[in-house]
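If you want the building blocks of each chain, they are given just below.
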Amino acid sequence: MMTMSAAAPQLLDGNDSDSDDSDIAFAYMDFGGVDFGDDDEEAMGESKCSNPDVPTKQDVAAANAAANAPAVVERVANLDVNASESDATNNASHDLPTASSTQNNLGSQADNSSLDSFTVVPDPNLVPCKSDELLLEIEKERLLPHPLSGKQKPVDVAFGDEYSELSHVKSLYNLLENGQYADILRSQTALDLFGTEIDGSGELSMVEQIKSKLLAYFTTMASSESAIVKCQEMELIGIASLNLFLQLNYCGPSMDRGIKPEEREVIAHPLDGINPHGMFESLAKKENEKPQNTLIPSLPLTASTPIPEEDESAPKEGDSSEPSNQATGTVIVPLKETNTTNFFHNAVLSELAVDGEWPFQVCAAPYFLLLARSILSTLAEPTSPFRCWSSAKPTGTNGSSGASMFAAGASHLSSTSHWSARAIVAHRRLISTRRDDDDGEACPTLWNEAERTFSRCINHFCENVNAFNDSERNAFVASAIMLEWGLTQHHFRKSGRGKASFNKALEFSKLQVEVTGAEGVRTKYQTKMTAQYLVRAKPNVAVVDDNDADAKNKAHIEKQMIKHDDVSDDALLLEKIRFENADDNVHHNLSIHDQSILLALCLDVKNDNPMDGLTGTQMFAYLARVLNQHDDWMVYATGLLERAWLECERTHGRERAILQIQALADQHSNRLTLTQSTFKSVEEDSAPAQDRLRHLHGIVYPPRWDMLRDLAERYAKLGIVTSAAELFEEIELWDDVVECYRIAGKSNKAEEVVRARLAENETPRMYAALGDITGEPKYFERSLELSHGKYYDSHVALGKYYFDKGDMKTALKYFLDGLEIKPLLPAVWFRVGTISMQLREWDTALKAFTEVVQQEPTEGDAWANVAAIHIHRRNPAEAYPALLESLKQNRNNWRVWHSKLYTCIDLKKYDEAIQACHELINLKARRNESEGVEPLEEKCVRAIVGGTVRKYQEARKAKDAIGIDSMKRTLIRVRALLDKIESSTKIEPWFYEISAHFNDELGWEEECYNDLMKEYRTLNSSSGWEEDSIKVGKMVNLIRDISKHHKKTGTKESLTKAKLLLNGVVKKVRSAYNYTEPSKEAEELDTLLLEVNELL
């Protein structure tokens, strides 16, 4: 049973405390100065609404209306989601995952009782028979990584003729190894499983329906003798479904083919009957527009736009003409690779949405990935509840009568976890997170599932030396799994990006790699040898080519390369570096797996270093070593692609690089293009699907939408913006489409493009893009309808719309709905917090800012707002640690220091209050008047002086030696603070009154008298004080204190000074009451004067 993650740690750790100075601590709360940067540019590649936006300037007004509390602070930058402290602990184990670390936060929301009710115990009575044992041995031999992959003995030989009951499984294996994946999905087993609909299926998600079908099929058809056979049939169907998805979206070849217009009525779609299967027939028939299997002469989802010539001196827009098909003499019409309605396509994508992230809309046939994920995840964890990724709730019917037998059969399979892990990675790569903003926190649900699944693989194959009878096979499988685990960390953008796993894969493979330098030349006309990077690699076991067929295949593979001489007759660069030492130009043959490890090490160089010239040179050395061989279609293509990415940064290699990327994008298609100009190059010189897929999981070859995005971005950098816009349009990256057309001076074109695409195919992303362009909320609402409420970006866009309109309650509702789908967004939580403060919903506000600081502990503004809420609720002990965290991140925010000053006074932390005063004085001295740094208030200084003196007297009374010593140091700090205030700010009479009181309490009579005289001079210089009854009262009290000092001194000189002082004050006071009765203050002054005269 899956374990639940530990609860998140408490945000603050403090105890409530009472204070006599609470009126001081809660006196200040200012929402001014909050700037949410609404004009910030968003990352290219996504709809504008997909950026949650940092809060806008309207948030200032929103917050200003809230009740008074301290320090809702200035918002200065976009929030990046950083791993919390607990996340950092988990990240430390990324390279060796453990099952206990894999339960995600969303998953933990499901209660434990639900998990218990779904737990299945495998049937203990299932014992594999001899045919089962043969089948399990074949599964380990052919479905797990093998050093002779593709060159093993034929399937028929492996099965033999002894067990006729395995004939159907044998036929499935044959189809799988021949790349006939669609035929597997049309097999009788697949039709039995998924051919009919479930009664009452409207209440179940598609994932739940698929799992129910698996168990129902097992209940009605499986016996103890056939359980393992049936489970392996399911596994083969899941693998075929995954491979078909990868073929359509990654490596090709495309399943569409060029057809003549007259063939339209007679050509059946290659995916008819399986996309989807009959169990989803009613869902597939629902339409919100015409189906997508119409044959239209528009661009398919691969690129064929030729590259316009670049004007080196001033890059600008080039032409974008289509290549002609004169080579065939006919008009070729592309057939789109999906035959489903848009409604069904969107329904499948909504099932694949994870943690609020929507899959890439332009993927082909996502149903196959959904089917593969459902089957393989169920087989990989037969005793656990299956979770729907979009809701993270347990699903399925494990309590059915066939569940125990199913779990028993599935538990005997060896490769299900490995294939399930591969499907998880494909699922993650389908999710369209923003590349620049993806900091590794996206899709935690998938990440935790990947950790859990790879943990089982590593425990079984990497830590178990007896997984196979052959030690060489043991090492090979362990190396392959560690390589794929490292690439998984790379795709999820986790800490370390798989570095340790790559090194572990290298260790298992025993490949010897040396990165060194040697003298050589890289240009045709270079005569002087210079130092060049060189990667030497030697395998553990020598690799020998088998036959002439290998040489022929290698020749076809090498044709993928665009050479410098293909681009220009006067190309300067050599195809490879020519080293001075002849031995450095000769290389050991490496296995395809070893080449994949070198590509991973090259990737690690990129991940570990800044992308500068030195990093690029080191990566070139790895790629050059891989490209010396051309044994595998996709490994070689990956080396070419990565080299092209590097060459795009070089003047002499840029043109070849763009053409190379174009050629690799074109090889997915079966139609004629600029770089694929004959049917021979399409059909005869191209590798079949099974060859392309064989090593795909050990490399980082991108899906075709990423390939086109990369190509479009490079076009845009070269100034070929219209061609870039067309490519962005194909993959529906509308922000980039709009930006490219804006640069091209075609601002209205963007809206026309979006509306035209909507007329053909309604998708949530396109409606969100139209909403961004027009500002109309109805388009965001339609986007939510199409996505079944799961398109997070539209929720946030509607929240922002109503926020701008001033409808805070509606805005809050939409923001919270969006956060239910995708909770790991601190910028949106921050917005929710500010709105909640305006609405005086303090619980919601506290929860929102708590979420921000848990997800992004370095966000000082949110910590300050947590403190502000606690201060508003009169919880200074709770506010104090939040203020410390805020100041840890930003010590230059005077509002936070102001809040800390009041809080420390309230908690009687006078030393820290003194520190806050020093910081406020320094900040006021450094800042302009316009920044509004407020001076220290009288009540704060009075509270600090009075509190420290009182604590000192209490320590003396209690004869606490330690307390006395401590308070003496505090009193020294108070004196230093008073001196700093006097020297750095404009002094009011109250300051000298406080200073005199401080000196008097400590017995410093001379200093006390000096302060009293300074207070007298300051007050006396105030114009018209004698007419202000309050100031007159202060003057009388002050003169009384001065007179006491003179009386205590008792000398004639001292008493004379007192008499002169009194006479001056009495005259001023009496002049103010010429025509009225003398005031009480005047009478008291007369009395004091009389006493002094008597002493004289």
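Residues numbered from 1 in each chain as written. Predicted model: local features only at pLDDT ≥ 70, side-chain atom pairs only at ≥ 80, totals over all residues. Heavy atoms only, no water.

A. Structural context of the overall build of the chain. Per the secondary structure count, the chain includes 48 helices and five strands. Here the chain holds 1096 residues, and the buried ones make up 56% of them. For the chain, the proportion of contacts with a sequence separation of at least 24, taken over those separated by at least 6, is 72%. Split by element, the accessible area of the chain, about 46300 Å² in all, is 48% carbon and sulfur. (Helix = DSSP H or I, 4+ residues; strand = E, 2+ residues; numbered from the N terminus. Buried < 20%, exposed > 50% of the residue type's maximum accessible area, 1.4 Å probe, protein only. Contact = heavy atoms within 4.5 Å. Areas by Shrake-Rupley, 256 points an atom, 1.4 Å probe, with all protein chains shown as cover.)

B. Main features of a positive patch on the surface. A contiguous patch of positive charge on the surface is contributed by Lys908, Lys909, Arg950 and Lys951. One can find Lys908 in the loop between helix H40 (894-906) and helix H41 (910-926). In this structure Lys908 comes out as partly exposed when scored by relative accessible area, which is 33%. (Patch = residues over 30% accessible without salt bridge, like charges linked within 9 Å, V, L, I, M, F, W, Y side chains within 5 Å. Salt bridge = Lys/Arg side-chain N within 4 Å of Asp/Glu carboxyl O. Lys, Arg positive; Asp, Glu negative; His and termini not counted. Charge placed at Lys NZ, Arg CZ, Asp CG, Glu CD.)

C. A look at the sheet that holds strand S3 (residues 512-523). Ordered by their spatial adjacency, three strands build an open sheet running S4-S3-S5, and the pairing between neighbours is antiparallel. Two strands in the sheet have a free side with no partner beyond their single neighbour: strand S4 (530-538) and strand S5 (573-579). Direction aside, the axes of adjacent strands within the sheet are offset by 50° on average. (Pairing = 2+ DSSP bridges. Axes fitted to C-alpha atoms, helices over the stretch in contact; angles between N-to-C directions.)

D. The arrangement of the packing of aromatic side chains in detail. Applying the stated criterion across every chain yields a total of 16 aromatic pairs. With a centroid separation of 5.7 Å and an interplanar angle of 55°, the aromatic rings of Phe159 and Tyr173 are classed as tilted. Placement of Phe159 in helix H6 (residues 155-159) and of Tyr173 in helix H7 (residues 167-177) is noted, with a sequence separation of 14 residues between them. With relative accessibility at 0%, the residue Tyr173 sits in the buried group. With centroids separated by 5.2 Å and ring planes inclined at 55°, the aromatic side chains of Trp447 and Phe492 adopt a geometry described as tilted. Of this pair, Trp447 sits in helix H17 (residues 444-462) while Phe492 sits in the loop between helix H18 (471-491) and helix H19 (499-509); the two residues are 45 residues apart in sequence, bridging distant segments of the chain. We classify Phe492 as buried; its relative accessible area is 1%. (Phe/Tyr/Trp six-rings, centres within 6.5 Å; stacked < 30°, edge-to-face > 60°.)

E. The arrangement of the nonpolar core in detail. Membership of the largest hydrophobic core comes to 264 residues, with the highest contact counts inside it found for Phe368 and Leu901. If you tally residues by element for this core, the top one is helix H11 (residues 227-251), at 16 residues. For Leu901, the residues in contact, after removing those within four places along its chain, are Ala913, Ala916, Cys917, Leu920, Leu936, Cys940 and Ile944. Formed by 20 residues, the second largest nonpolar core is a distinct cluster that contains Met1013, Ile1039, Leu1088 and Leu1089. (Core = buried A, V, L, I, M, F, W, Y, C linked by side-chain atoms within 4.5 Å.)

F. Expanded view of empty space enclosed by the protein. Within the structure shown, the criterion is met by twelve cavities of 30 Å³ or more. In this structure, the largest cavity spans a volume of roughly 180 Å³. Forming the walls of the largest cavity are 17 residues, and the residues nearest its centre are Arg422, Val425, Arg429, Leu696 and His697. Among the elements of the structure, H11, helix H16 (416-430) and H18 are those that each provide at least two residues to the lining of the largest cavity. Take the lining of the largest cavity: its biggest share by element is five residues, from H16. Grouping the constituent residues of the lining of the largest cavity by class yields eleven nonpolar, three polar and three charged. (1 Å grid on protein atoms, 1.4 Å probe; cavity = no way out; pocket = protein on both sides within 12 Å on 5 of 7 lines; lining within 4 Å. Points joined across faces, edges and corners; volume = space filled by probe spheres on them. Nonpolar A, V, L, I, M, F, W, Y, C, P; charged D, E, K, R; others polar.)

G. Molecular detail of the packing of helix H5 (residues 130-142) against H7. Between H5 and H7, the shortest axis-to-axis distance is 12 Å and the interhelical angle comes to 5°. In terms of orientation, H5 lies roughly parallel with respect to H7. Contact with H5, carried on its side by Leu135, Ile138, Glu139 and Arg142, involves Val169, Tyr173 and Glu177 of H7 and no other residues of that element. Counted by class, the contact of H5 with H7 contains four nonpolar, no polar and three charged residues. (Parallel < 35°, antiparallel > 145°, perpendicular 65-115°, else oblique.)

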